[in-house]
Amino acid sequence: MQTVGQVSEGQLLALFMPILTEHNQQAADVRATLGTPGALVIGPGDDSAALDLRGGLTVMSTDTQTENQDFRRTWLSGYATGGFEVGWKAATQNLADIAAMGATPVTLLVSLTLTPDTPVSWVQDFARGLTESCTAQGVRTCTIAGGDMGSGSEISVTVTAVGLTDRPITRSGARPGDAVVFAGALGTAAAGLALLDSPPFTASQELSTCVRAQQQPRSPLALGPAAAPYLTSLMDVSDGLVRDGGRVASASGVALDLDSASLAPWLEVVRPAACLLTGENPAQSEALSLRWVLSGGEDHGLLGTCPPEQIPPGFTRIGRVQAGEGITVDGRTYTAKGWDHFEAGSR
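What counts, and at which threshold
Every chain is numbered on its own, with residues counted from 1 as its sequence reads. Reporting in this predicted model follows two pLDDT cut-offs: at least 70 for local features of residues, and 80 or more for side-chain atom pairs to be given and counted; totals over whole chains, interfaces and linings ignore these cut-offs and use all residues. Hydrogens and water are ignored here; the side-chain numbers use all heavy atoms of the structure. In this text, helices come from DSSP runs of H or I with a minimum length of four residues, and strands from runs of E with a minimum of two, each type numbered from the N-terminal end. Three labels apply to residues, based on accessible area from a 1.4 Å probe with only protein chains included: buried if under 20% of the type maximum, exposed if over 50%, partly exposed otherwise in between. Polar contact is defined as a pair of N or O atoms within 3.5 Å, subject to the rule that within protein one atom must be able to donate a hydrogen and the other to accept it, and that residues adjacent in sequence are counted only when both atoms are side-chain atoms. Any Lys or Arg side-chain nitrogen found within 4 Å of a carboxyl oxygen on Asp or Glu counts as a salt bridge. A pair of Phe, Tyr and Trp rings is counted when the ring centres sit within 6.5 Å of each other, with Trp represented by its six-membered ring. The angle between the planes then sorts it: under 30 degrees is stacked, over 60 is edge-to-face, the rest tilted. Two strands are said to pair when DSSP picks up at least two bridges between them. Between N-to-C directions, angles span 0 to 180 degrees; the directions come from axes that are lines fitted to C-alpha atoms, helices contributing only their stretch in contact. Here roughly perpendicular refers to angles of 65 to 115 degrees, roughly parallel to angles under 35, roughly antiparallel to angles over 145, and oblique to all remaining angles. We call two residues in contact when some of their heavy atoms are within 4.5 Å. Ten residues, namely Ala, Val, Leu, Ile, Met, Phe, Trp, Tyr, Cys and Pro, are considered nonpolar, four, namely Asp, Glu, Lys and Arg, are considered charged, and the remaining ones, Gly among them, are considered polar. Take the far helix as the reference: if the near one is turned anticlockwise from it by less than a right angle, the crossing is left-handed, and if turned clockwise, right-handed. Given a helix with a known number of residues, its expected span is that number minus one, times 1.5 Å.

*Asks:* Explain the side chain of Ser233 residue by residue, including any values.
*Replies:* By the secondary structure assignment, Ser233 is in strand 8 (residues 233-237). On the basis of relative accessibility, which here comes to 1%, the residue Ser233 falls in the buried class. Side chain to side chain, Ser233 and Thr305 meet in a polar contact 2.5 Å long.

*Asks:* A description of the pattern of salt bridges should follow, citing residues and the corresponding values.
*Replies:* Here the structure, examined in full by the defined rule, presents twelve salt bridges. When the shortest N-O distance is used, the salt bridge between Arg271 and Glu268 registers 2.6 Å. Remark: Glu268 and Arg271 occur in helix 8 (residues 264-277); sequence separation between them is three residues, near one turn of the helix. For Arg271, a relative accessible area of 21% puts it in the partly exposed group. Its relative accessible area of 51% is what places Glu268 among the exposed residues.

*Asks:* Explain the packing of aromatic side chains residue by residue, including any values.
*Replies:* Across all of its chains, the model carries five aromatic pairs by this definition. With a centroid separation of 6.3 Å and an interplanar angle of 15°, the aromatic rings of Phe16 and Phe126 are classed as stacked. Note that Phe16 is positioned in helix 1 (residues 9-34) and Phe126 in helix 3 (residues 120-136), a separation of 110 residues in sequence. An identical accessibility class is assigned to Phe16 and Phe126; each is buried. Considering the side-chain rings of Trp122 and Phe126, the 6.0 Å spacing of their centres and the 5° angle between planes classify their relative orientation as stacked. Note that Trp122 and Phe126 are positioned in helix 3 at a spacing of four residues, about one turn of the helix.

*Asks:* For the sheet that holds strand 12 (residues 326-329), give the residues involved together with the corresponding values.
*Replies:* One open sheet holds the six strands; their spatial order is 8-10-7-11-9-12, and the pairing between them is mixed. At either margin of the open sheet sits one strand with a lone partner, and together these are strand 8 and strand 12. For this sheet, the mean inter-axis angle between neighbouring strands, taken without regard to orientation, is 25°.

*Asks:* Just give me the short version of the packing of helix 5 (residues 205-215) against helix 8, but keep the residues and values in it.
*Replies:* Remark: helix 5 packs on helix 8, axes separated minimally by 8 Å, with the N-to-C direction vectors making an angle of 100°. In terms of their interaxial angle, helix 5 and helix 8 are classed as roughly perpendicular. Taking contact as the criterion, the partners of Glu206, Leu207 and Cys210 in helix 5 are, on helix 8, Val269, Val270, Pro272, Ala273 and Leu276. The residue makeup of the contact of helix 5 with helix 8, split by class, is seven nonpolar, no polar and one charged.

*Asks:* Kindly report on the packing of helix 4 (residues 188-196) against helix 8, identifying the contributing residues and their values.
*Replies:* Between helix 4 and helix 8, the least distance of the axes is 9 Å, while the angle of their chain directions is 25°. Between helix 4 and helix 8, the angle is such that the two are roughly parallel. Here the hand of the crossing between helix 4 and helix 8 comes out left-handed. Residues Thr188, Ala191, Ala194 and Leu195 of helix 4 lie in contact with helix 8, whose contacting residues are Val269, Val270, Ala273, Leu276 and Leu277. Of the residues assigned to the contact of helix 4 with helix 8, the class counts are eight nonpolar, one polar and no charged.

*Asks:* Tell me about helix 2 (residues 83-99), residues and numbers included.
*Replies:* A rise of 1.5 Å per residue sets the reference length of helix 2, with its 17 residues, at 24 Å; its end C-alpha atoms lie 24 Å apart and thus fit the reference within 8%. Most of helix 2 is tucked away: 15 of the 17 residues are buried.

*Asks:* Summarise the pairing of strand 8; cite the residues concerned and give the values.
*Replies:* The buried fraction of strand 8 amounts to five of the five residues, a majority that puts the element mostly inside the structure. Across five bridges, the pairing between strand 8 and strand 10 (residues 301-306) is antiparallel. Paired with Asp236 across the bridge in strand 10 is Leu302.

*Asks:* Which residues make up the sheet that holds strand 4 (residues 104-114), and what are the values?
*Replies:* Backbone hydrogen bonds hold the strands of a sheet together, and the pairing may be parallel or antiparallel. One open sheet holds the four strands; their spatial order is 3-6-4-5, and the pairing between them is mixed. Strands at the two margins of the open sheet, each flanked by one partner only, are strand 3 (57-66) and strand 5 (143-151). For this sheet the average axis-to-axis angle between neighbouring strands, irrespective of direction, equals 15°. Contacts between helix 1 and the sheet are confined to strand 4 and strand 5, with strand 5 contributing the most and set at about 165° to the helix. Along the sheet, helix 2 contacts strand 3, strand 4 and strand 6 (156-165); its crossing angle with strand 3, the most-contacted strand, is approximately 145°.

See below:
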């Protein structure tokens, strides 16, 4: 198996670039058909990309995945995380940030650091995961504008996303009396992470759903811009519902109260994983399921607020906005933490 350390940068780019070029041409064709603003004028291969962003306000976000911090090539369970999964997730976590501003993604810039022992096929799979994540999640006009590739002691990927919107939706607009609404998955990626980091298990359809949510998360990207006219605030849930809901509350100067009964559909999805990991102990499995749904991150769903009489299509009401501060569940403080990169024991 040929590795990155056995080829030159030019040879590696020659294997990597055609995948991006094909994707960018397809995105351009779709953009021309739809008349969508935000064109890639000069793409990968020059010193810088050139974009026509005159179709609205430009929004930007960036995020990083690092080996052994955000993913492992081989997990305790025996599962592997390959280039396809890393590329898919790198795209999703950045596209979700754009959608959470009520914006439409235009392009991605990618910086990829590789270890010398990385198989060349891993890099090609990464490019496929990056592009297929865009097309499979309904942002077919989002291009890959370029980036950088280098060598290091661990695999790391940083993606910067660029989008366009007429009116950005921020975290700071929630008002007392609003409904708290959510679209997407809750808890499945956290359940998948726990399964990946567990002893080997027999994968049922339900368990595979959770593993796939961690490896290849799907965000309701199209709902961000579509729901923007209805919403008073919006954000991507990447660090857990309670932690990120608390950020909306803090930014808006209000209190959010979540209704645990409304979370039943998401609890049902993760319950089989909780039962497996708790040895079929009902009380423990219910507690673990609730913890995943309330504090598990990386599903990249969309949390918003809106007047209760105009809940956007695709969103479910899960609570209410009140005067005050902080976030509660059924009127009580929930103590389990979400994800924080720098806080010990945050999972």
